[in-house]
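# Fold and geometry: a report
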2 protein chains.
Amino acid sequence: MSRPLGVGLLGLGTVGTGVARVLLGKRDALERRIGRPVQITSVLVRDPSKPRGVSLEVPLVTDARAILDDPAVDIVVEVIGGEEPARTLILEAIERGKHVVTANKEVMAKHGPAILAAAAARSVSVAYEASVGGGIPLIGPFQLDLAANEITSVVGIVNGTTNYILTRMTESGASFADALREAQELGYAEPDPTNDVEAWDAAYKLAILASLAFGAPVMPEQVWREGITQVSQRDILYAAELGYRIKLLAIARLVNGQVETRVHPSLVHQGSMLASVDGSFNAVQVEGDLIGSALFYGRGAGSEPTASAVVADLIALGTSAARGSRQAARHAVELRAMSQLQSRYFLRLLTLDRPGVMAAIATVLGDRGISLASVVQKESVVLGDDVPGAEIVLTTHVASEAAVQDAIATLRHMPVVKTVGSLLRVHE
Amino acid sequence: MSRPLGVGLLGLGTVGTGVARVLLGKRDALERRIGRPVQITSVLVRDPSKPRGVSLEVPLVTDARAILDDPAVDIVVEVIGGEEPARTLILEAIERGKHVVTANKEVMAKHGPAILAAAAARSVSVAYEASVGGGIPLIGPFQLDLAANEITSVVGIVNGTTNYILTRMTESGASFADALREAQELGYAEPDPTNDVEAWDAAYKLAILASLAFGAPVMPEQVWREGITQVSQRDILYAAELGYRIKLLAIARLVNGQVETRVHPSLVHQGSMLASVDGSFNAVQVEGDLIGSALFYGRGAGSEPTASAVVADLIALGTSAARGSRQAARHAVELRAMSQLQSRYFLRLLTLDRPGVMAAIATVLGDRGISLASVVQKESVVLGDDVPGAEIVLTTHVASEAAVQDAIATLRHMPVVKTVGSLLRVHE
């Protein structure tokens, strides 16, 4: 019998436990696939005395050296999450000539280029299918299946927590706060939800996908980022009336040779595939010069879907169908400033209810070349202090972000405009 | 400079022209990806004097030996289509130690096991991503990304022609005949549409996907097959009223350890992802023990999407990330007889309009343990010879195919039943 494929596991949380379960539970099937047995040599944990949902016949260790320096370890699987110590451990594993499989979106988004360069220098592979879209094959397709394409656009719903919250707000009429609380109770949102609701998680994933799609590093802090905390029930209702649903979209597009990357709540057409992605599901739509449009849909997170991606990477490395480090730097790309965005917009305003208000607003927009696509004004609403007011919802034809932001700044200072309730972009 | 990767192209029809265009037009990008240039050594055509839409700087040949016996050819790309001579040429290429990339669903469905065995014996790869779903990555994900999963179900819309026809029937109220004629005028359907509308094409693709998913050969003639020629405008209208759309689904499922494979028109819920797959688009939904549900969507045919898949296979072979032949025979599977199917059904009947008819029909169903989920009977219709009739549409709860077929046989012989208009299955 050939020597087992040695796997050292860093981390035994939700994902680590899932990976261990699969490696133990599917031992025979994996051996048939890979041609030799897979063996977990040891698992790095913080507290070995903590009760675990999985009984492992392998030593739990608290010192990473026990794994990194073990010659029986061929592949290090990093499922600790977070930036440190994960980043350092990955680099140390590479330095010792070990392949790495990681589910770590933060590390791959922030340090992917450095890690992949280190791996290339040591002739090892770093595979990170699990870092984006959990059980949905995305990194693999980008690296292999779509390799003949010039990718022109990647548009995704890549954060299950915010998609769950927006879906609940749409379906049950819940407020953002109530939907968030519900998500937290169900374990879909963290006690501190910032990473999800402020769209950091989505920005990490978009940076990874954009780097792959356009063959040049895109850093998470270069991604224009707006979370969903400002999305109100009113926005969702008006959007529905206009035939749209509100989704947190992560968008990377090639525009005139520049790459535009942004994550923000967007109005998507009710009949579109992206609009039907509900609850904790994810989807990524890709456009390429040859394939036209394709979409990948599935569970974006969770122990088992993520374990599926980690183990697929292990199988690929074990059968030396190595994927991961191979990343063709096709061309350097320039990032496009957000002010250059051309988009349709959705604008909700609370104004005083008096003659001339609509004309004043329309003039501000028209003067900046912003053309109206639709206008909805319902019967009066009541502002503070019993002042009668009006809620006006506008959508525009394609306009420039710079012009729209300038118009918003002007509107905010007009005495008849009480509040700019929302400014959302319409995805087409 | 390293020796070019030599590609011999068999066939220069729609797909072959697309492949040649990509290999020539993306020469530099491909060289960067693969690490050496790709060169089309020669192209097998029937008539070298025929005007082509692509100018090739390579010899056109009419004798396959010129390609098969050329030591400069590393990979033979078969894009002739049809069973012969494609099958023979693929086997001869393998025999001569050449890798093969093929877009041929008929050959892979009927002879895949023999071809893959021959390739394994000669240690070459046969890659066939382009044979199913054109530009949608499917074979790759099944072989690599989903490799850790036990696949339990594959449900797809895999034929663009029939999907276009059904979409037009739904959207414009066209009859089957009119929608078919329109598809033929647009080049979406062949002059002889049998292969598509009788669902042979879908059965080939399902056989390939089921063989991959369940690790055991499924032959196209083992697939239960019903085309769409019997789907009427009435069925589409009633289905819509009940909240469904009619799609030609290709379904392979693992049921009690047996594999059930069938292609037939099905009612799918209007809100589901599969229901939003319109026109010539394809989609395949996969269920696995780890990923839960995932869906792949995109263009299922056409010169460029298919070329995308062929060239992705070429890149994988060129970088020796060989995929294709690696096909783990997980376990032998037994095929499930169609009579054992458990499904919900949609039944449309034309009956005489007289007292007791509904009771008689309900009794036939009830006696066989078939429980009704919904009944719709509209105002009278007129049968032939001015006889007043009724159109009754029923859906059932889950029932057995054997019981339903027995009920249908009985209904057909009842004097009050003039016609069994349709029997369709409801997909859940």
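Residues numbered from 1 in each chain as written. Chains lettered and ligands numbered in written order. Predicted model: local features only at pLDDT ≥ 70, side-chain atom pairs only at ≥ 80, totals over all residues.

Now for the sheet that holds strand β2 (residues 38–44) of chain A. Residue and element names in this part refer to chain A. The strand order across the open sheet formed by six strands is β3-β2-β1-β4-β5-β6, and the pairing between neighbours is parallel. On the outer flanks of this sheet lie β3 (60–61) and β6 (126–127), each paired with one strand and no other. With four bridges joining them, strand β1 (residues 5–10) and strand β4 (residues 75–78) adopt parallel strand pairing. In the strand pairing of β4, Leu10 is matched with Glu78. (Pairing = 2+ DSSP bridges. Helix = DSSP H or I, 4+ residues; strand = E, 2+ residues; numbered from the N terminus.)

With that settled, the discussion passes to the interface of chain B and chain A. It is common to report an interface's size as the accessible area lost on association of the parts. With 46 residues of chain B in contact, the opposing surface of chain A contributes 45 residues. Of the residues that constitute the side of chain B that touches chain A, the class distribution is 25 nonpolar, eleven polar and ten charged. In the sheet, strand β12 (residues 292–299) of chain A pairs with strand β12 (residues 292–299) of chain B via five bridges, with the strands oriented antiparallel. From the neighbouring strand, Tyr297 of chain A faces β12 of chain B, where its bridge partner is Leu295 of chain B. (Contact = placed C-beta atoms within 7 Å. Nonpolar A, V, L, I, M, F, W, Y, C, P; charged D, E, K, R; others polar.)

Residues and elements named next belong to chain B. Packing of helix α5 (residues 105–121) against helix α10 (residues 200–214) brings their axes to within 8 Å, and their N-to-C directions diverge by 50°. In terms of orientation, α5 lies oblique with respect to α10. Read as a crossing pair, α5 and α10 show a hand that is left-handed. When α5 is examined against α10, the residues Lys105, Glu106, Met108, Ala109 and Gly112 are found in contact with a partner set consisting of Tyr204, Lys205, Ala207, Ile208 and Ser211. Per-class residue counts for the contact of α5 with α10 are five nonpolar, two polar and three charged. (Axes fitted to C-alpha atoms, helices over the stretch in contact; angles between N-to-C directions. Parallel < 35°, antiparallel > 145°, perpendicular 65-115°, else oblique. Left-handed = near helix turned anticlockwise from the far one by under 90°.)

All names here are of chain B. If you trace the six strands from one edge of the open sheet to the other, you get β3-β2-β1-β4-β5-β6, paired in parallel fashion. Only two strands of the sheet have a single partner each, and these edge strands are β3 (60–61) and β6 (126–127). Bridging between strand β2 (residues 38–44) and β3 involves two bridges; their strand directions are parallel. Bridge pairing links Leu44 to Val61 in β3.

Here the focus is the environment of Asp145 of chain A. Considering the arrangement of structural elements, one finds Asp145 of chain A in helix α6 (residues 139–145). Owing to 30 C-beta atoms within 10 Å, Asp145 of chain A belongs among the buried residues under this scheme. Sequence-wise, Asp145 of chain A and Leu212 of chain A are 67 residues apart; in three dimensions their C-alpha atoms are separated by 13 Å. In this structure Asp145 of chain A touches Glu129, Pro137, Gly140 and Ala312 of chain B, once residues within four positions along its chain are discounted. (Buried ≥ 20, exposed ≤ 12 C-beta atoms within 10 Å, placed from the backbone.)

Right, let's get into the environment of Ile94 of chain B. Residues and elements named next belong to chain B. Residue position: Ile94 is located in helix α4 (residues 86–95). Ile94 sits 327 residues away from Gly421 along the chain, and the two C-alpha atoms are 50 Å apart. The residues touching Ile94, leaving out its near neighbours within four places in the chain, are Val100, Ala118, Ala119, Arg122 and Val124.

Residue and element names in this part refer to chain A. Its domain assignment divides chain A into domain 1 (5–127), domain 2 (139–298 + 327–335) and domain 3 (338–426). Contacts between domain 2 and domain 3 engage 16 residues on the former and 13 residues on the latter. Within the residue set of the side of domain 2 that touches domain 3, elements represented by two or more residues are α11 (233–241) and β10 (258–269). A per-class count over the side of domain 2 that touches domain 3 returns seven nonpolar, four polar and five charged. (Domains from an automatic or database assignment.)

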